[in-house]
Amino acid sequence: MKDKGLHPKNRFNKGYNFEELVANNPVLKEFVATNKFDTVTIDFSNPAAVKELNKALLFSFDKISNWNFPDENLCPPIPGRLDYIHHLSDLLSKEEEVKILDIGTGATCIYPLLGAAAYNWNFVATDIDLDSLDSAQDIIDDNNLDNNIKLRQQFNEQQILKGVLEEDDSFSATMCNPPFYKSAEEAQGANRRKTRNLGNNAVRNFSGNNNELWYVGGEKAFLHNYLYESSLFKEKSKWFTSLVSKKDNIESLEKSSKKLGAKDFKVIPMSQGNKVTRIACWRF
């Protein structure tokens, strides 16, 4: 069934062809079955099945053949992540050579992988967690993408752009999928609720290490810190962008952007199935 919410250019907007996906990733075969509605699918409460499905989706790109990362890290849903890349492409349609700063790339290095695979973009990707960066570098090496993707470590968890930007940096855009929760306790509580909602068979479909899931003050604090720092480095990037999960955070972000001198602020709506989110974009 076609997902109305996905970007028109998203190769997964007509649903999944499991025969093709198993050809991309043969390991997926053991998780594919016909359900009681006579639909060929997987058990989405099984984290191993979800991971192999997303691998198969990723391997549909010619440039990507390996994607290994620890089970304790979040497994990103590829169609939604690809949508962010396509919307950025629309935003940057006049750019000939695109270079993106990916803030908090994580162990999966997913946005740089997709940007390099879909558009041959170049990336600088940052993270605070050294283990995540080690995993990301292995993925980059395994797929021969060293020319497209460079990694940098952020050593101060209070900082977002400070400490990772270099003097000669110039980006077409920055991108970010910020932590959602205010504390580890809040993240764990949400994890338990999601697991309950999926039923008793759900194991750890909602893993993730601390910096992936939470930030002191939650999403709102992260976004406002990011916005403030962008005003200190306004010449480093033509656009600054971020996913925003909570709709209520958009209004305060837009107000603050005007106070900080942003000349443009726009919101790009995104949805996949029942999940609705948005990309906030601003420039100086």
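Residues numbered from 1 in each chain as written. Predicted model: local features only at pLDDT ≥ 70, side-chain atom pairs only at ≥ 80, totals over all residues. Heavy atoms only, no water.

*Asks:* How would you summarise the pairing of strand β7 (residues 237-244) if you had to cite specific residues and measurements?
*Replies:* In terms of burial, β7 is a largely internal element, 7 of the 8 residues being buried. In this structure, strand β6 (residues 171-176) lies alongside β7, joined through 3 bridges in parallel fashion. Each bridged residue has a counterpart across the sheet, and for alanine 173 the counterpart in β7 is tryptophan 239. Both β7 and strand β9 (residues 275-283) contribute to a ladder of 5 bridges, which runs antiparallel. Each residue of the ladder has a partner; that of serine 242, found in β9, is alanine 280. (Buried < 20%, exposed > 50% of the residue type's maximum accessible area, 1.4 Å probe, protein only. Helix = DSSP H or I, 4+ residues; strand = E, 2+ residues; numbered from the N terminus. Pairing = 2+ DSSP bridges.)

*Asks:* Please set out the pairing of strand β8 (residues 264-272) residue by residue, giving values where relevant.
*Replies:* Pairing of β8 with β9 involves 9 bridges; the strand directions are antiparallel. Within β9, the position partnered with valine 267 by the bridge is alanine 280. The antiparallel hairpin formed by β8 and β9 contains 2 residues in its connecting segment, where glycine 273 sits at a positive phi of about 60 degrees.

*Asks:* Mind laying out the nonpolar core, listing which residues take part and the relevant values?
*Replies:* Soluble globular proteins: nonpolar side chains tend toward being buried together. By size, the foremost hydrophobic cluster in this structure holds 50 residues, and its most contacted members are Leu58, Trp67 and Ile100. Not counting residues within four places of it along the chain, the set of residues in contact with isoleucine 100 comprises Leu88, Leu92, Trp121, Asn122, Phe123, Val124, Phe171, Ala173 and Met175. Core analysis: the next-biggest nonpolar cluster, separate from the first, contains 19 residues, Val124, Phe171, Tyr226 and Phe265 among them. (Core = buried A, V, L, I, M, F, W, Y, C linked by side-chain atoms within 4.5 Å. Contact = heavy atoms within 4.5 Å.)

*Asks:* Residue-level account of the confidence of the model for the protein, with values.
*Replies:* Per-residue pLDDT for the protein has a mean of 88; in total, 85% of the residues score no lower than 70. Ignoring residues within four places in sequence, the model shows residues 200-209, a span with pLDDT below 50, making 30 contacts including any to other chains. (pLDDT = per-residue confidence, 0-100.)

*Asks:* Can you lay out the sheet that holds β7 for me, pointing to particular residues and giving the numbers?
*Replies:* The mixed open sheet is built from 7 strands, whose spatial order is β5-β4-β3-β6-β7-β9-β8. Edge positions in the sheet fall to β5 (149-153) and β8, since each has one partner strand and no second. The mean angle between the axes of side-by-side strands here comes to 20 degrees, regardless of whether they run parallel or antiparallel. Packing of helix α3 (residues 78-91) onto the sheet brings it into contact with β3 (99-103), β4 (122-127), β6, β7, β8 and β9, and relative to β8 it is tilted by some 145 degrees. (Axes fitted to C-alpha atoms, helices over the stretch in contact; angles between N-to-C directions.)

*Asks:* Could you give an account of the packing of helix α8 (residues 218-232) against helix α9 (residues 248-259), naming the residues involved and the relevant values?
*Replies:* At a closest axis distance of 10 Å, the pairing of α8 and α9 adopts a crossing angle of 20 degrees. Here α9 runs roughly parallel to α8, going by the angle between their axes. Seen from above, α8 lies across α9 with right-handed handedness. Taken together, the residues of α9 that come into contact with α8 (itself represented by Glu219, Lys220, Leu223, His224 and Leu227) are Asn249, Ser252, Leu253, Ser256 and Ser257. Considering only residue class, the contact of α8 with α9 consists of 3 nonpolar, 5 polar and 2 charged. (Parallel < 35°, antiparallel > 145°, perpendicular 65-115°, else oblique. Left-handed = near helix turned anticlockwise from the far one by under 90°. Nonpolar A, V, L, I, M, F, W, Y, C, P; charged D, E, K, R; others polar.)

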